[in-house]
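# Geometric and topological summary
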Amino acid sequence: MDYKNSFLLIRSSRRTLALEVKPDASLVVRAPRRTPVDEVHRFIAKHSEWIDRKQMVALERPRPSVKSFVEGEEFLFLGSMCRLCLVDTASCDVDYDGRSLILATAAFPRAREMMIGWYKKQARKVFSERIDHYAPVMECFPSIIRITSPARRWGSCGAGGSINLNWKLIMAPLEVIDYLIVHELAHIRHRGHSREFWDFVKAFCPGYTRYQLWLKDHGHLLEI
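Now for a quick tour of the structure. This one's a predicted model, so the numbers in the text were calculated from it and none came from an experiment.

To continue, consider helix α6 (residues 208-218). Taken as a whole, α6 has its buried residues at Y208, Y211 and L215. Taken down its axis, α6 places every buried residue within 60° of arc, on the same side. On its buried side, α6 packs onto α4 (174-189) and α5 (195-204).

And the structure:
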């Protein structure tokens, strides 16, 4: 792999260089704003064996199959695997009975669109409830909550205190969702990823490193 042309460079106020291999095997390099590009390349070359090893693991990991929306197919919701049930009559196009996802056969031609719409609706409901829980405790109140669909980010916090959360997170366990919400709310008070920021996150989510690891290991499964 030609590392010089195949990595994403993210500059910020951080003080050190860091590498991350994403679940799709892409390489992300995080660097202080004034770090010369040549220094970035040297850092990558120095850790090339580690990068190769991580990318190999990512490439060998089973990829989620494209959904066909057939009877019995499995979908993730709040960390649990739910089987799809097709019904001729239903009160709405997509529903959830606590164990199964229910799809009206009349909605089948637009099944993917209907299912994504349902997931986004559930995401807004659950994320808003969890933010309402944590915001007063943390004394970090967002100006607005947006449900987004970025390809590479689970969440972000805008300069004006807006919170953006990827709807696909609704497939993750609630404790993982809580971690992302605490993380983004913490950015209202601490803009960067300083020691103070992580101490603040830990105060409200002591096991946050477990949930970071869960996203690294399972985030690629949060797909429809």
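Structure's up, so let's keep going.
Attention shifts here to the packing of aromatic side chains. Counted under the stated rule, the structure contains eleven aromatic pairs. Plain terms: the ring middles of W118 and Y119 are 5.3 Å apart, the flat faces sit at 75° to each other, and that makes the pair edge-to-face. Using a relative accessible area of 9% as the deciding quantity, one classes W118 as buried. By relative accessible area, which is 0% here, Y119 ends up buried.

Overall, mixed pairing links the three strands, which are arranged β1-β3-β2 in an open sheet. The sheet is open, and its two borders are formed by β1 (7-12) and β2 (18-21), each paired with just one other strand. Taking each pair of neighbouring strands and ignoring which way they run, the sheet shows an average axis angle of 20°. Both β2 and strand β3 (residues 27-32) contribute to a ladder of four bridges, which runs antiparallel.

Here we take up the nonpolar core. What tends to happen in soluble globular proteins is that the nonpolar side chains get buried as a cluster. Formed by 49 residues in total, the largest nonpolar core has its most connected members in M115, Y119 and I170. At the level of secondary structure, the elements contributing two or more residues to this core comprise β4 (74-77), β5 (80-87), β7 (100-104), α3 (111-138), β10 (162-166), α4, α5 and α6. When residues of this core are assigned to their parent elements, the largest contribution, twelve residues, is made by α3. Those residues in contact with Y119 that lie beyond four places of it in its chain are F75, L76, F77, L101, W167, I170, M171 and I224.

Estimated volume of the largest pocket: approximately 1800 Å³. Lining the largest pocket are 48 residues, with E20, K22, R30, H183 and H193 positioned closest to its centre. Of all the elements in the fold, those that place two or more residues in the lining of the largest pocket are β1, β2, β3, β9 (155-157), α4, α5 and α6. With five residues, α4 is the single largest residue contributor to the lining of the largest pocket.

Our next topic: the pattern of salt bridges. In the structure shown here, the tally under the stated rule is eight salt bridges. In this structure, E113 and R110 form a salt bridge, with 2.9 Å as the shortest nitrogen-oxygen distance. Looking at R110, the relative accessible area reads 45%, which means it is partly exposed. One salt bridge in this structure joins E139 and R189, with 4.0 Å as the shortest N-O distance. You can see E139 sitting in the loop between α3 and β8 (144-148) and its partner R189 sitting in helix α4, a full 50 residues away along the chain. Within the structure, one salt-bridge network assembled from shared partners comprises E20, K22 and R30.

Cut-offs applied
Residues numbered from 1 in each chain as written. Predicted model: local features only at pLDDT ≥ 70, side-chain atom pairs only at ≥ 80, totals over all residues. Heavy atoms only, no water. Buried < 20%, exposed > 50% of the residue type's maximum accessible area, 1.4 Å probe, protein only. Helix = DSSP H or I, 4+ residues; strand = E, 2+ residues; numbered from the N terminus. Arc of directions from axis to C-beta. Contact = heavy atoms within 4.5 Å. Phe/Tyr/Trp six-rings, centres within 6.5 Å; stacked < 30°, edge-to-face > 60°. Pairing = 2+ DSSP bridges. Axes fitted to C-alpha atoms, helices over the stretch in contact; angles between N-to-C directions. Core = buried A, V, L, I, M, F, W, Y, C linked by side-chain atoms within 4.5 Å. 1 Å grid on protein atoms, 1.4 Å probe; cavity = no way out; pocket = protein on both sides within 12 Å on 5 of 7 lines; lining within 4 Å. Points joined across faces, edges and corners; volume = space filled by probe spheres on them. Salt bridge = Lys/Arg side-chain N within 4 Å of Asp/Glu carboxyl O.

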